[in-house]
Amino acid sequence: MASPAWHYVLKFIITGDAAVGKSSLLVRLTDQRFLANPDPTLGVEFGSKLLTLPDSSSSGSGPTVVKLQCWDTAGTESFRSITRSYYRGAAGCLLVYDVTSRKSFDNVRIWLADVRAHADAHVSCILVGSKRDLCEGDSPHPRAVPTELAQQFANDEGLLFVEASARSGDGVEEAFIRAAEEIIGKV
Ligand code: GDP
């Protein structure tokens, strides 16, 4: 019998303040590219991607392929509270802040409360510190959120955590893979 194209379909939502890089993470995931000056009115709202989980062949049944269906909150951040229909059925949630913006990190608490109030109780959340590339290289921007602080917050709240860069691609697939692995581990 032919193996299926994918084993799981997982809905993901991406939340966080405006301009933290949510659309850019989605474009990097689905299209392997980075737009330095994206048009905010063209914010990506939906993207789909097949991901093969790296170490899933131990069962002898071959690698696990997941189909991610990702929804971005493009343009709705200012409303803060997003409709329940958006959260409905989400298995995973990326809570995104910008490592150069303390405010965007502080606001993750509000986004998390919103997710917990409206999403399914078993949703897997991963905290994503975006724009990591800005704090690296020859003339780094000041980092506003120490990695240890974010890691501690993630531990306290039971979240996965990764720092990522849509610009370089570092950490982007990792974020989705780690969340997908946690979700599948619960099935
Ligand atoms: P959104 O409003 O949260 O969806 O944010 P966008 O994806 O539209 O990104 C906002 C701005 O940050 C844009 O100018 C992006 O080019 C920039 N940006 C997003 N991700 C990164 C990143 O990883 N590194 C850098 N240097 N800039 C980024």
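Our subject is the structure that appears above.
One structure accompanies this document, and this report is about it. (Residues numbered from 1 in each chain as written. Predicted model: local features only at pLDDT ≥ 70, side-chain atom pairs only at ≥ 80, totals over all residues. Heavy atoms only, no water.)

### Comments concerning the nonpolar core
Membership of the largest hydrophobic core comes to 29 residues, with the highest contact counts inside it found for Phe12, Leu68, Val128 and Phe176. Broken down by secondary-structure element, the contributors of at least two residues to this core are strand S1 (8–16), helix H1 (22–31), strand S3 (65–72), strand S4 (92–98), strand S5 (124–130), strand S6 (160–163) and helix H6 (172–186). Ranked by the residues each element gives to this core, the list is headed by H6, at eight residues. With near-sequence residues (within four places) excluded, Phe176 lies in contact with Phe12, Ile14, Leu29, Leu51, Leu68, Cys70 and Leu94. In this structure, Phe105, Val108, Val123 and Val145 belong to the second largest nonpolar core, which totals 24 residues. (Core = buried A, V, L, I, M, F, W, Y, C linked by side-chain atoms within 4.5 Å. Buried < 20%, exposed > 50% of the residue type's maximum accessible area, 1.4 Å probe, protein only. Helix = DSSP H or I, 4+ residues; strand = E, 2+ residues; numbered from the N terminus. Contact = heavy atoms within 4.5 Å.)

### Points about the site of the ligand
In the vicinity of the ligand there are 19 residues, among which Ala19, Lys22, Ser23, Ser24 and Asp133 approach most closely. A distance of 2.8 Å is found between an oxygen atom of the ligand and a side-chain nitrogen or oxygen belonging to Lys22. In the model, an oxygen atom of the ligand is placed 2.8 Å from a nitrogen or oxygen of the Ala166 main chain. The protein chains hide 82% of the 580 Å² of surface that the ligand would expose on its own. A class-by-class count of the residues in the shell around the ligand yields nine nonpolar, four polar and six charged. (Near = heavy atom within 4 Å. Polar contact = N/O pair within 3.5 Å; in protein donor to acceptor, adjacent residues only side chain to side chain. Areas by Shrake-Rupley, 256 points an atom, 1.4 Å probe, with all protein chains shown as cover. Nonpolar A, V, L, I, M, F, W, Y, C, P; charged D, E, K, R; others polar.)

### Structural notes on the packing of aromatic side chains
Scanning all chains against the criterion turns up five aromatic pairs. With 4.5 Å between their ring centres and 50 degrees between their planes, Phe46 and Trp71 make a pair best called tilted. Of this pair, Phe46 sits in strand S2 (residues 46–52) while Trp71 sits in strand S3; the two residues are 25 residues apart in sequence, bridging distant segments of the chain. For Phe46, a relative accessible area of 37% puts it in the partly exposed group. Here the aromatic rings of Tyr86 and Tyr87 are separated by 5.6 Å at their centres, their planes lie at 75 degrees, and the arrangement is edge-to-face. The same class applies to Tyr86 and to Tyr87, which are both buried. An aromatic cluster of three or more residues is present, and its members are Tyr97, Phe105 and Phe153. (Phe/Tyr/Trp six-rings, centres within 6.5 Å; stacked < 30°, edge-to-face > 60°.)

### Considering the environment of Tyr97
Among the structural elements, Tyr97 can be located in strand S4. Along the sequence, Tyr97 and Glu163 sit 66 residues apart, while their C-alpha atoms lie 9.6 Å from each other.

### Structural notes on the environment of Glu181
Within the secondary structure, Glu181 is located in helix H6. With relative accessibility at 29%, the residue Glu181 sits in the partly exposed group. For the pair Glu181 and Gly171, spaced 10 residues apart in the sequence, the C-alpha separation amounts to 15 Å.

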